[in-house]
Amino acid sequence: MYNPYIDVIGYFYPNVSCHASGETYNDIVWDGGDTLPDEATLTSLLLEYKRLIKWEEIKKYRDDRLEHGGYPTPSGWFHSDALARDNYEDANKPSTRAYLAYLEQQATPKMWKTMSGSWGALTVSLLDTLLANKVTQKNAHFYSAEVLKVGLWLSNDPDNYDYFQNTEKTKWPIIYGE
């Protein structure tokens, strides 16, 4: 038995203690705390609550794509997880960039594993491309999510809102494997 009002109360009225014995407003049993909101108030908040929950799903999907989707470069797709991002930032420090340039001049470049499992030479130029594509991927994913958010807020059926849409207007950026 699921009573949607219980979720709305828990989200918007955390100081109301209650439980439900059925699926309607009349099945809500007040256990204490603040006064139980009336049915009209809760009904008006139900759509907003569903939109907020779906928005959290969209943000999680966006973040998962960013974390695991990779960054494209001419040498292949490079990992985008937190550890990889830290490694790129470390590689971008002046002393490390100088070392990468030195290795490149010596024809013994630093090798870096791509998402396909192959190895590529991490040159200063490739590092610059990778970091630029990191920003591009992030911005594109955040933009796509925001476009979808507008559609979600216009939807009267957030439970069935399709955020996997692949139209020109709401297209998610391509990630590794797509």
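Our subject is the structure listed above.
Residues numbered from 1 in each chain as written. Predicted model: local features only at pLDDT ≥ 70, side-chain atom pairs only at ≥ 80, totals over all residues. Heavy atoms only, no water.

### Observations concerning the packing of aromatic side chains
Any aromatic ring pair is given by two values, namely how distant the centres are and how the planes are angled relative to each other. Within the structure shown, the criterion is met by 10 aromatic pairs. Aromatic side chains Y11 and Y49 sit 5.5 Å apart centroid to centroid with 70 degrees between the ring planes, which places their arrangement in the edge-to-face category. A residue pair is termed long-range when its members are at least 10 positions apart, and Y11 in helix α1 (residues 4–12) and Y49 in helix α2 (residues 39–68) qualify at 38 residues. Residue Y11 is classed as partly exposed on the basis of its relative accessible area, which comes to 44%. Classification of Y49 as buried rests on a relative accessible area of 13%. Three or more aromatic residues joined by ring pairs form one cluster here, namely Y61, Y163, F164 and W172. Positioned above the aromatic ring of F142 is the side chain of R62, whose terminal nitrogen or guanidinium carbon lies 4.0 Å from the ring centre. (Phe/Tyr/Trp six-rings, centres within 6.5 Å; stacked < 30°, edge-to-face > 60°. Helix = DSSP H or I, 4+ residues; strand = E, 2+ residues; numbered from the N terminus. Buried < 20%, exposed > 50% of the residue type's maximum accessible area, 1.4 Å probe, protein only. Lys NZ or Arg CZ within 6 Å of the ring centre and 35° of its normal.)

### Quick look at the side chain of S80
The topology assignment puts S80 in the loop between β4 (76–78) and α3 (82–91). Side-chain polar atoms of S80 contact the backbone nitrogen of G69, separated by 3.4 Å. From its side chain, S80 meets the backbone nitrogen of G70 in a polar contact 2.8 Å long. In this structure S80 touches L66, E67, H68, G69, G70, Y71 and R85, once residues within four positions along its chain are discounted. (Polar contact = N/O pair within 3.5 Å; in protein donor to acceptor, adjacent residues only side chain to side chain. Contact = heavy atoms within 4.5 Å.)

### What about the pattern of salt bridges?
The full count for this structure, using the stated rule, is 10 salt bridges. For R85, the salt bridge is made with E67, and the minimal N-O distance between the two is 3.0 Å. With R85 in helix α3 and E67 in helix α2, the pair connects residues that are 18 residues apart, well separated along the chain. Judged by relative accessible area, E67 falls into the partly exposed class, the value being 25%. We note a salt bridge from D90 to K93, for which the minimum N-O separation is 3.5 Å. For D90, a relative accessible area of 38% translates into the label partly exposed. K93 sits in the partly exposed class, given a relative accessible area of 45%. (Salt bridge = Lys/Arg side-chain N within 4 Å of Asp/Glu carboxyl O.)

### Here's the deal with the pairing of strand β1 (residues 16–20)
Covered by surrounding structure in β1 are V16, C18 and A20 only, the residues S17 and H19 on the alternate face being uncovered. Where β1 meets strand β2 (residues 28–33), 5 bridges bridge the pair, whose relative direction is antiparallel. Residue V16 lies in a different strand from β2, and its bridge partner there is G33. (Pairing = 2+ DSSP bridges.)

### Examining the side chain of N3
Tracing the sequence through the fold places N3 in the segment before α1. According to the relative accessible area criterion, N3 is buried, its value standing at 4%. At a separation of 2.9 Å, a polar atom in the side chain of N3 contacts the main-chain amide nitrogen of Y5. When residues no more than four places from it in sequence are discounted, the contact partners of N3 are A20, G22, E23, T24, D27 and I28.

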